[in-house]
Every structure is written in C-alpha cells, then in structure tokens.
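Examining the three-dimensional arrangement
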Amino acid sequence: MNRITNCFKKIKNEKRKALVVFITAGDPDLEETKSILDVIDDSGADIIELGVPFSDPLADGPIIQAASLRSLKSGTTLKKIISLVQEIRKTRDLPIVLMTSFNPVFVYGEQQFVKDAVFVGVDGVIIPDLPPEEAAEFSVYAEKKGLDVIHLLAPTSPDERIRMVAKKGRGFIYYISLTGTTGVRVQLAEGLGDKVASIKQSSDIPVLIGFGISNPDLAREATKFSDGVIVGSAVVKLIESNSDPIQRNKKLTEFISSIKQAISDPR
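Per chain, residues are indexed from 1 in the order of the written sequence. The predicted origin of the model limits local features to residues at a pLDDT of at least 70 and limits the giving and counting of side-chain atom pairs to 80 or more, whereas totals for whole chains, interfaces and linings rest on all residues. Only heavy atoms go into the side-chain values, all of them from the structure, while hydrogens and water stay out.

A word on the pairing of strand β9 (residues 228-231)
Under the scheme applied here, a residue whose accessible area is under 20% of the maximum for its type counts as buried, over 50% as exposed, and between as partly exposed, the area being computed with a 1.4 Å probe on protein chains only. In this description a helix means any DSSP run of H or I spanning at least four residues, a strand means any run of E spanning at least two, and both kinds are numbered starting from the N terminus. Of the two faces of β9, the one carrying G228 and I230 and the one carrying V229 and V231 are both buried. Pairing analysis gives 4 bridges linking strand β1 (residues 18-24) to β9, with the strands arranged parallel. Following the sheet pairing, L19 is matched in β9 by V229. We call a crossover right-handed when, viewed with both strands directed away from the observer, the connection leading from the first strand over the helix to the second proceeds clockwise. For the handedness criterion, the β-α-β arrangement of strand β8 (residues 207-210), helix α10 (residues 216-222) and β9 is classed as right-handed. Strands qualify as paired when DSSP identifies two bridges or more between them.

Written out as structure tokens, the structure reads:
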C-alpha cells in the first residue's frame, strides 16, 4: 500500500473526512514552497497537492493562473519540483500528489517522469488533459511502479465515463463540483450530493470534492456526502496576499485549521 491508500485507511478508521490542500509549487519560489508545505502539514492537511506551473493552463481560474505565472518567472520546472519533493521527504511523510498538464510530462519523458517521481516519494499524479481513454499505457506503467493516476469527474460526466473512472482510477476520484474553472465560490452547485452518491455507487475508492471550496461552511457541507474536500484557490490567494512569511504562515495555519475543524464537526 502506498501513502495515499494508507492515508485513507487511517481516515476511515478514525471515522472522519479527508482534507487535501493544493498549492502552486514555486509560488513565490521553491524554497518558500517547502516552508509553506511544512505549515500546511502541521495545520492538519492529510494530502498535499503540488501544482506544476504551465504557460497554457486548462481548468485553472485567474488566481491559480497568476500563481503559475509567478512560479514560472521564478524559474520553476518539473525537474526542480521533483527535486523539491526529494528534499521534503527528508522531514515529511504526508502523501504528495502532483497536478500537471500533460505537456511537461511528455517533454520530461513519460516513463522517466514516473521513475523519478516514485523514486523521490511522489504518491500520485493528476493530469487533467490526459483522459482515461488516452491514458492506458501511461496508467499501466505508473501502476506498475506504484504511482497512483488520479482521474477527474465533473457534473457533465456521463454514466459511461463514471464507470470507466471507477474502474481505472487509483488513490481517489477528484470530483469537480461545478463546470468552469477553479476559483473561490460562495455556494455549492445544486444537485451535488446526488451526483456524488451516484459515483460512489460505482466506485470503491474515495470521492473528494474540489473547485470552489473556499471556507469552512462549504467544506462542512461538501463532506456531508463526500469522503473529503480539496481546497486550492483560497489557499493560493492567501499566499499571494501575505508576502511576509510570518504573517502568511499564521494566516495559513488559521485557515487550514478552520477547514479541518469544520469537516470534523458534522453539525
């Protein structure tokens, strides 16, 4: 069992919900990313999702697009992020997932990427523009090496796609709570609970909700019918808004702790 599987096994035994926190690697720079990750881990996140910056983002809203641009300007590359994970693993054991467009993986070399990622301690990868229909060869090799390929589902996903992801997905299913791009929202989409329930009927792996989870109330509501939440844009915005590391880390601790508390409290 890899770290992701063990993490969800522990969460299930503790009868609670998972908190995944997304940040853009290299924003504001890779050294600060390590410091930020330490704070996120200490604040109660179960899994960290490191975004790989790319010049032509797919589903990222303006907040994460801006973070990716800042990261690219600071010289961040996929190889440097993999080296960062190796450094992180000297002191941290929480599951690490990379979220990336396929282009950086293709340029890196698909098999070499998988080998290097697993070697340094990456546990999973999310590639939004590599759908399961086109990911067979990559997924087989990744599974062989112990890297979870995590697939996404959306409100527009037909039943056939849901069954396919339920069968081929590893780690957890990333359910996009709404159509459109990432960003901060003030309410959950209508019918979200029914959609997640239908996915869980087809899948034995955890279903987590992402996109738009921006405050404790939304996180609490989402975990009433899911296995956990993924919080991204709100965290990235907080990092951008607090350039002083001491103030930033304080704000991060407060925010992530508040989300953690909310999803631990069923009221």
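Further notes follow.
So, the sheet that holds strand β5 (residues 148-150)
Either a parallel or an antiparallel arrangement is found when strands of a sheet pair, and the pairing is made through backbone hydrogen bonds. Strand order in the open sheet formed by 9 strands is β5-β4-β3-β2-β1-β9-β8-β7-β6, with parallel pairing between adjacent strands. Both outer strands of the open sheet, β5 and β6 (152-153), are each paired with one neighbouring strand and no more. Note on definitions: a residue-residue contact is assigned when non-hydrogen atoms from the two residues lie within 4.5 Å. Every angle, taken between N-to-C directions, lies between 0 and 180 degrees, and every axis is a line fitted to C-alpha atoms, over only the stretch in contact when it is a helix. The strands that helix α4 (residues 78-88) touches are β2 (47-51) and β3 (96-99); relative to β3, the one it contacts most, it runs at about 170°.

Notes on the packing of helix α8 (residues 159-168) against helix α9 (residues 192-202)
Remark: α8 packs on α9, axes separated minimally by 9 Å, with the N-to-C direction vectors making an angle of 50°. Looking at the two axes, α8 sits oblique to α9. Where α8 crosses over α9, the two elements pack in a sense that is right-handed. Taken together, the residues of α9 that come into contact with α8 (itself represented by I162, R163 and A166) are K195, I199 and S202. A breakdown of the residues in the contact of α8 with α9 according to their chemical character gives 3 nonpolar, 1 polar and 2 charged. An angle below 35 degrees is read as roughly parallel, one above 145 as roughly antiparallel, one from 65 to 115 as roughly perpendicular, and any other as oblique. Should the near helix be turned anticlockwise from the far one by less than a right angle, the crossing is termed left-handed; should it be turned clockwise, right-handed. Each residue receives one of three labels: charged for Asp, Glu, Lys and Arg, nonpolar for Ala, Val, Leu, Ile, Met, Phe, Trp, Tyr, Cys and Pro, and polar for the others, Gly being one of them.

What about the packing of aromatic side chains?
Between rings of Phe, Tyr and Trp, where Trp is taken as its six-membered ring, a pair exists when centres lie within 6.5 Å; planes separated by under 30 degrees are stacked, by over 60 edge-to-face, and by other angles tilted. The tally for this structure, following the rule as stated, stands at 4 aromatic pairs. Considering the side-chain rings of F102 and F106, the 6.0 Å spacing of their centres and the 45° angle between planes classify their relative orientation as tilted. With F102 and F106 both in helix α5 (residues 102-108), this residue pair falls 4 residues apart, about one helical turn. For the pair Y174 and F211, a centre-to-centre distance of 6.0 Å together with 90° between the ring planes defines the contact as edge-to-face. Here the residue Y174 occupies a position in strand β7 (residues 173-176), and F211 occupies one in the loop between β8 and α10, the gap between them amounting to 37 residues. Note on accessibility: Y174 and F211 belong to one class, buried. In this scheme, Lys NZ or Arg CZ marks a charge over a ring once it lies within 6 Å of the ring centre and within 35 degrees of the ring normal. Above the ring of Y108, the side-chain terminus of K79 is found at 5.5 Å from the ring centroid.

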